[in-house]
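# Notes for the structure review
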Amino acid sequence: MKVPSTPTAAESQAPIQPCTDCRQIDKNKLSPMYKHYVEVKEKHPHSLLLYRCGDFFETFFQDAVIVSRELELVLTSKHGGEIGRVAMTGVPHHAWERYTTQLIEKGYAVVICDQVEDAAVAQGLVKREVTRILTPGTLLQDGMLKASRNNYLAAVAIAKNHWGLAYADISTGEFLATQGSNLEQLTQEILRLQPSEVLVPTKAPDVGTLFRPGETSEHIPECLPPSFCYCLRSQSSFNTSEARQKLIQKFKVRSLEGFGCEDLPLAVSAAGGLLEYIEDTQKESDVPLQQLRTYAITDYLILDHQTRRNLEITQTVRDGTFIGSLLWALDKTTTAMGSRALKRWFLQPLLDIKGIRARQDTIQELVENSSLRHDLRQLLRQIYDLERLSGRAGSGTANARDLVALAESMLRLPELARLVTETRSPYLRTLQKFPSELEQLGHKLRAQLVESPPIHLTEGNLIRPGISSQLDERRRLLEEDLQWVANFEIDEKARTGIPTLKVGHNDTFGYYISISRAKADQVPANYIRKQTLKNEERYYTPELKEREARILTAEKDLYQLEYDIFTELRTEVGEQADAIRNVSRAIAAADVLCGFAEVAVYQGYCRPEIVSGREIHIIDGRHPVVEKSIPAGFFVPNSTEIGSREQGAESRDKRAEGAEGTEGERATVNRQPSTVNQQLPTTNYQLPTTNYQLPDLIILTGPNASGKSCYLRQVGLIQLMAQVGSFVPAKSAKLGVCDRIFTRVGAVDDLATGQSTFMVEMNETANILNHASPRSLVLLDEIGRGTATFDGLSIAWAVAEYLATEIRARTIFATHYHELNELASILSNVANYQVTVKELPDRIIFLHQVQPGGADKSYGIEAGRLAGLPPVVIQRAKQVMTQIEQHSKIAIGLRKSTQS
Ligand SMILES: Nc1ncnc2c1ncn2[C@@H]1O[C@H](COP(=O)(O)OP(=O)(O)OP(=O)(O)O)[C@@H](O)[C@H]1O
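Residues numbered from 1 in each chain as written. Predicted model: local features only at pLDDT ≥ 70, side-chain atom pairs only at ≥ 80, totals over all residues. Heavy atoms only, no water.

### Description of the site of the ligand
What counts is decided by this rule: Note on terminology: near, applied to a residue and a molecule or strand, indicates that one of the residue's heavy atoms is within 4 Å of it. Throughout this description, a polar contact denotes any pair of N or O atoms lying within 3.5 Å of each other; where both atoms belong to protein, one of them has to be capable of donating a hydrogen while the other can accept it, and for residues adjacent in sequence the pair is counted only when both atoms sit in side chains. Here the Shrake-Rupley method, with its probe set to 1.4 Å, supplies the accessible areas, and only the displayed protein chains count as covering residues. Per the convention used, a helix needs a DSSP run of H or I reaching at least four residues, while a strand needs a run of E reaching at least two, with both numbered from the N terminus. Note that Gly is not counted as nonpolar here; it falls among the polar residues with everything else outside the nonpolar set of Ala, Val, Leu, Ile, Met, Phe, Trp, Tyr, Cys and Pro and the charged set of Asp, Glu, Lys and Arg.
In the vicinity of the ligand there are 16 residues, among which Val 636, Ala 705, Lys 708, Ser 709 and Cys 710 approach most closely. Within the contact set of the ligand, an oxygen atom lies 2.7 Å away from a side-chain nitrogen or oxygen of Lys 708. Here an oxygen atom of the ligand sits 2.9 Å away from a polar atom, N or O, in the side chain of His 816. Protein chains bury 73% of the 640 Å² of accessible surface belonging to the ligand in isolation. At 3 residues, the largest contribution of residues to the shell around the ligand is made by helix α23 (residues 708-724). Tallied by class, residues from the shell around the ligand come to 7 nonpolar, 7 polar and 2 charged.

In C-alpha cells form, the structure reads like this:
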C-alpha cells in the first residue's frame with residue numbers, strides 16, 4: 001500500500017482544491033516543469049495539451065478536467081510549486097494514439113509535447129517540444145483514420161451571397177476547390193462532404209477557437225450546418241492575392257489557369273486559407289498534396305442532403321447503420337482505396353454519358369470475363385492502401401511496416417499489368433502501364449528492409465544485413481560484446497561453482513549477476529551488490545559494468561544508423577508520392593468496377609442504356625437493398641415508364657434556338673375533371689396540345705405496407721446507380737440522364753432547428769418546386785400528410801399539378817389521397833398506378849405489384865390490426881370510417897362520379 005507522504009510546508013499551506021485554470025496564475029509560483037507546461041499551453045490555448053512525463057502523457061489544469069470528463073479518467077492532482085496542487089490526469093505514453101483518437105472524435109484538437117532528450121542523461125529539466133498538432137481534419141496516423149472513409153478538411157470564404165470552398169484529405173492528397181453564388185449550395189456541399197473540420201475566416205480576436213459539433217457562435221455563418229467542427233482562422237490567411245501566391249509557390253506554377261481557378265477568387269481564397277492551416281499544423285512534415293482541381297457543382301448529378309439520406313446511400317434512415325444501406329448492398333471492393341472511391345462516386349454521380357459508358361464498358365468486360373474478374377479481385381486483395389501509405393511517406397510519418405506494405409503492393413504492379421494486357425475497356429487499359437521506377441523502388445525496399453520490422457523506428461532491427469558495411473561492422477562489434485556477456489555467465493558459473501548463477505538484463509538496472517539468496521554467501525569478493533529481491537541477490541562487477549556501457553553506446557549508434565538508412569528510404573518513397581497516387585487512383589477505380597461487376601453477376605443486374613432523352617424506362621426493376629434483405633425470389637419486380645420526350649419540348653428547344661414557335665401550340669386542355677365531379681378542382685395550367693407517349697407524373701396509390709415507398713426508392717436508386725456507371729437491378733433499362741434527383745420521404749421532426757414535421761415537409765417540398773427541372777427525377781411520398789386532411793389533400797393536389805404542368809419533372813407521387821387519381825383525367829401527362837393486394841374475406845394479401853389504375857382503399861385499419869391494435873379500437877375505427885365515407889363531401893363527390 002502506498003503511504004501518503006508528509007506534506008511539505010508549502011503544501012500544507014496550499015488550498016485544498018487543486019488549481020484547474022492556468023490562465024490567470026502567476027507563472028513564477030510554479031515549479032520549472034509546470035512553468036514550461038503553461039508556456040506551451042499559452043501558445044496553444046484552444047487545444048488540449050498532452051505533456052510527456054516519464055511513462056505518461058499528462059494533462060494539467062483545465063485540460064485535465066476536460067480530459068478526465070471526456071475519457072472518464074480519474075482526476076487527481078499534484079504539487080506544482082508555490083501555487084499548491086494542480087489538477088492532473090494522464091494516459092500511458094504507449095496508448096496516446098488511442099486516447100487522442102477519442103478526443104479528436106469528440107471534436108478537440110490535441111497538441112503533443114514530447115520529451116526530445118533521454119531523461120536518463122538530461123541535465124536538469126528534461127527537454128520537451130511540441131512534436132505534433134492533431135486536429136480532426138489533419139490526421140495522418142493510420143489508427144486514427146477510417147480506412148473506408150475520406151477525412152476531409154474544408155475551408156470556406158463567403159462574400160455576401162457568394163462563396164468559395166476548398167477541401168483536402170491530407171491522408172490521400174486530394175485537394176479541390178469550387179465557387180458558387182447561392183449559400184444554400186454551400187450548405188449542401190458541406191453536407192455532401194461531411195468534413196471532419198471546417199476553417200472559417202474571422203475578424204474576431206478569438207482566432208484558433210475550435211467549435212465542436214453542435215456548439216454555436218456568432219462567428220460561424222448561419223449557412224454552415226451545426227453538425228460539424230469549425231475552426232476560426234484569421235482573415236489574413238484567406239486574403240485572395242496572398243492565397244494565390246501561396247498556391248503558385250506550393251505547386252510551382254506560374255498562374256492558376258491550369259487549375260481552372262484563375263477567375264474564382266473565393267475558391268482561391270479558401271484554398272489558400274486551407275494550405276496555411278495545413279502548414280501551421282503539420283510543422284515538421286511537408287504534406288504531399290495533389291495539384292488543386294477546380295470543379296463546378298453542376299458538373300455532377302445533384303443530390304441534396306435529404307435525398308442522399310432518404311435513398312439511404314451510406315446509412316439507413318431508421319438507425320443510421322451501414323447495414324441496410326445502398327453501399328452495404330453494393331460495396332464488393334477489396335481495397336480501402338476502392339471503398340473510399342465507391343463512396344465518392346456515389347456522392348458525385350456523372351452527367352456525362354461518355355463517362356458513364358466508359359465505366360459500363362469496363363463492368364461489361366469484367367462480367368463477361370469471369371476468370372479475369374476473379375484473378376483481378378484476388379490480386380487487388382494483396383494491395384495495401386497505397387494512397388495513404390505514400391502520403392505518410394511523403395509527410396515523414398510512415399514507419400517501417402508502412403514501407404514494407406508499400407513495397408509488397410508495388411511489387412504486385414507488374415502482375416497487375418500482365419493480367420490486364422489483353423483488356424479493351426478504358427479503366428482496365430490504364431492499368432497496363434505504370435512507371436517502372438515504382439517496381440524498382442519496391443525491389444529496393446524489399447531488399448533493404450527486414451520482413452517484419454517493429455513499429456518503433458528507434459529500436460533497431462529495421463535494415464537487413466549486407467546493406468551498409470558500416471552497419472554490418474557495428475552489428476558485428478555488438479554481437480561480440482553480447483557474446484562476451486554470454487561467455488561471462490559460463491565462466492562465472494565455473495569460477496563460483498554456483499550452477500544457478502545467471503546474467504540478466506533489464507532497462508532500469510542494466511546487466512546484473514543473479515544469485516539465489518541461499519547461495520549469497522558463496523559470491524566472490526569482487527561482486528558488488530546491486531539489488532536485493534525476495535529470493536535473489538543481484539550483483540555486478542566492474543568489467544560487466546564496463547561492457548554494459550560499451551553495449552549501450554554500440555546499440556545507440558547502431559539504432560541511429562538504421563534510422564538514418566530508413567529515413568533515406570522514406571524520403572525516396574515520398575518523392576514518388578505523386579506517381580504512387582496516380583497508380584492508386586487507377587487501382588481504386590478498377591476495384592470499384594470489379595465490385596460492380598461482381599454484384600451484377602451474382603444479383604442479376606443489367607447494363608442500362610443511357611440516352612440523352614428524358615425517358616426512364618425500367619423493365620422489372622428491383623430495390624437493390626430490399627431484395628437482398630428478403631429470401632431469394634421473394635422480391636416482386638416492377639416496371640416503370642415515365643418521361644418521354646414530348647413534341648412540345650422539341651418545339652420549345654427550337655424556339656430557344658431562334659426558330660418560330662407560337663403560343664398557339666399550347667392550349668388549355670382537359671381543364672375539367674373527366675368525371676362530372678364538381679367537388680374536385682379544375683386546373684389553371686396550360687399544357688402542350690401534343691400527346692405524351694409516356695406520363696411525366698405517376699400518382700401511385702395502394703394500401704399501407706403494399707410497397708409504394710419501396711417502389712419509389714427503387715426508381716431513384718436505379719437512376720442513381722446508372723449515373724454512377726453501375727449496372728442496375730432490372731431486366732432491362734433505358735434511362736435519360738437526370739440533372740437532379742429529389743426525394744421527399746417520410747419527414748421527421750427536426751428538433752435541432754425547432755421545425756415541426758409539417759414544416760420540414762413543406763421546406764423540402766418548396767426546395768423541390770423551386771429547383772426541379774424537366775430533367776429532374778422527383779420522388780414524393782405522402783406529401784401533405786402532416787396536417788389536416790383537407791389542407792393536406794389541397795397541397796398535394798396543387799404540388800402534383802405544378803410538377804406535371806409547370807415543371808414537367810419526371811415524378812412519382814405516392815399518396816393515400818385517392819382523390820389525386822382524378823388528375824390523370826385532367827392532365828394528359830399524368831397516369832395512375834397502384835400497388836395491388838388481394839382481398840380475402842378475413843385478410844388481405846400483399847402482391848407488391850405495381851399496375852395501371854388507381855387504388856380506392858388504403859386498408860389502413862387492416863394494417864392497424866396486423867400491427868396489434870386492440871380489437872375494440874379496430875372495431876370503432878371501422879364504424880368511424882363508415883360514417884366518414886357517408887358524409888364527407890369529397891367522398892360524396894367521388895361516389896357520384898363513379899355512378900354517372
Ligand atoms: N416489390 C416488392 N417485393 C417484395 N416485397 C416488397 C416489395 N415492395 C415492398 N415490399 C415489402 O413490403 C414492405 C412495405 O413496403 P413499403 O414501406 O414500401 O410500403 P408502403 O406502401 O410505402 O406503406 P405505407 O403506405 O404504409 O408507407 C417493405 O418493407 C418490403 O419488405
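Let's pick the thread back up.
### Digging into the nonpolar core
To be explicit about the condition: The term nonpolar core refers to a set of buried residues drawn from Ala, Val, Leu, Ile, Met, Phe, Trp, Tyr and Cys, joined through side-chain atoms within 4.5 Å. Only protein chains enter the area calculation, which uses a 1.4 Å probe; residues under 20% of their type maximum are buried, those over 50% are exposed, and those in between are partly exposed.
Counting 141 residues, the largest nonpolar core has Leu 165, Phe 346, Leu 403, Ile 587 and Leu 720 as its most contacted members. Counting 34 residues, the second largest nonpolar core, distinct from the first, contains Ala 168, Ala 177, Ala 270 and Ile 278.

### Topic: the sheet that holds strand β30 (residues 844-852)
The criterion, for reference: For two strands to be treated as a pair, DSSP must find at least two bridges joining them.
Strand order in this open sheet of 7 strands is β14-β26-β27-β28-β24-β29-β30, and the pairing throughout is mixed. The sheet is open, and its two edges are formed by β14 (302-303) and β30, each paired on a single side. Direction of pairing for β14 relative to strand β26 (residues 740-744): parallel, over a ladder of 2 bridges. In the strand pairing of β26, Ile 302 is matched with Arg 740.

### Looking at helix α27 (residues 860-867)
Defined as follows: Think of the arc as the fan of directions from the helix axis to the C-beta atoms.
Buried within α27 we find Ile 861, Glu 862 and Gly 864. End-on view of α27: buried residues confined to an arc of 155°, all on one side of the axis. Those residues of α27 that are exposed and aimed more than 90 degrees away from the buried face are Leu 866 and Ala 867. Downstream of α27 by a residue or two, Gly 868 has a phi angle that is positive, lying close to 100°.

### Quick notes on the packing of aromatic side chains
Just so we agree on the cut-off: Stacked, tilted and edge-to-face pairs are distinguished by plane angle, under 30 degrees for stacked and over 60 for edge-to-face with tilted covering the rest, among Phe, Tyr and Trp rings (Trp via its six-membered ring) whose centres lie within 6.5 Å.
Under the definition given, this model contains 13 aromatic pairs. Ring centres 5.0 Å apart and planes at 90° place the aromatic pair Tyr 37 and Phe 60 in the edge-to-face group. Of this pair, Tyr 37 sits in helix α2 (residues 32-43) while Phe 60 sits in strand β2 (residues 56-60), placing them 23 residues apart in sequence. According to the relative accessible area criterion, Tyr 37 is buried, its value standing at 1%. Classification of Phe 60 as buried rests on a relative accessible area of 1%. Geometrically, the ring pair formed by Trp 484 and Phe 488 is stacked, given 5.0 Å between the ring centres and 15° between the ring planes.

### Regarding the state of the cysteines
Put simply, the test is: Working definition: a disulfide is two cysteine sulfur atoms within 2.5 Å of each other.
Scanning the model with the defined rule gives 0 disulfides in all. Sulfur of Cys 53: no disulfide; nearest cysteine sulfur belongs to Cys 113 and is 9.1 Å away.

### A few points about the packing of helix α11 (residues 353-368) against helix α12 (residues 370-380)
In plain terms, the rule: Axis lines are fitted to C-alpha atoms, over the contacting stretch for helices. Their N-to-C directions set the angle, which ranges from 0 to 180 degrees. Every angle not falling under 35 degrees, over 145, or within 65 to 115 is termed oblique; those three ranges are roughly parallel, roughly antiparallel and roughly perpendicular. Any two residues whose heavy atoms approach within 4.5 Å at even a single point are treated as in contact.
At their nearest, the axes of α11 and α12 sit 5 Å apart, and the two run at 100° to each other. Here α11 lies roughly perpendicular to α12, going by the angle between them. Here Leu 366, Val 367 and Glu 368 of α11 come into contact with α12, specifically with Ser 370, Leu 372, Arg 373 and Leu 376.

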